[in-house]
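Read off the chains here:
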Amino acid sequence: MAREINAELSDAKIEKAKADLVKAKHRYDAAAATLKDLLDK
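Reading guide: rules and limits
- Residues numbered from 1 in each chain as written.
- Predicted model: local features only at pLDDT ≥ 70, side-chain atom pairs only at ≥ 80, totals over all residues.
- Heavy atoms only, no water.
- Salt bridge = Lys/Arg side-chain N within 4 Å of Asp/Glu carboxyl O.
- Helix = DSSP H or I, 4+ residues; strand = E, 2+ residues; numbered from the N terminus.
- Buried < 20%, exposed > 50% of the residue type's maximum accessible area, 1.4 Å probe, protein only.

What follows is about the pattern of salt bridges. The tally for this structure, following the rule as stated, stands at 4 salt bridges. Where Glu15 meets Lys18, a salt bridge forms, and the shortest distance between an N and an O atom there is 3.9 Å. Placement of both Glu15 and Lys18 in helix H1 (residues 2-40) is noted, with a separation of 3 residues, approximately one turn of the helix. What makes Lys18 partly exposed here is its relative accessible area of 49%. The partner of Lys16 in a salt bridge is Asp20, with the nearest N and O atoms 2.9 Å apart. In this pair, Lys16 and Asp20 are both assigned in helix H1, 4 residues apart and thus about one turn of the helix distant. Residue classification places Asp20 among the partly exposed residues on the basis of a relative accessible area of 33%.

The structure is reproduced here in structure tokens:
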């Protein structure tokens, strides 16, 4: 039983980490685009 709970907890942590990574990627892409625009000017 404990292993099932740990597996579910691990799955939840993995999903949260994936979501966090996607958010960070979007922020990075936006910052990179802003920097490119500024450098182009």
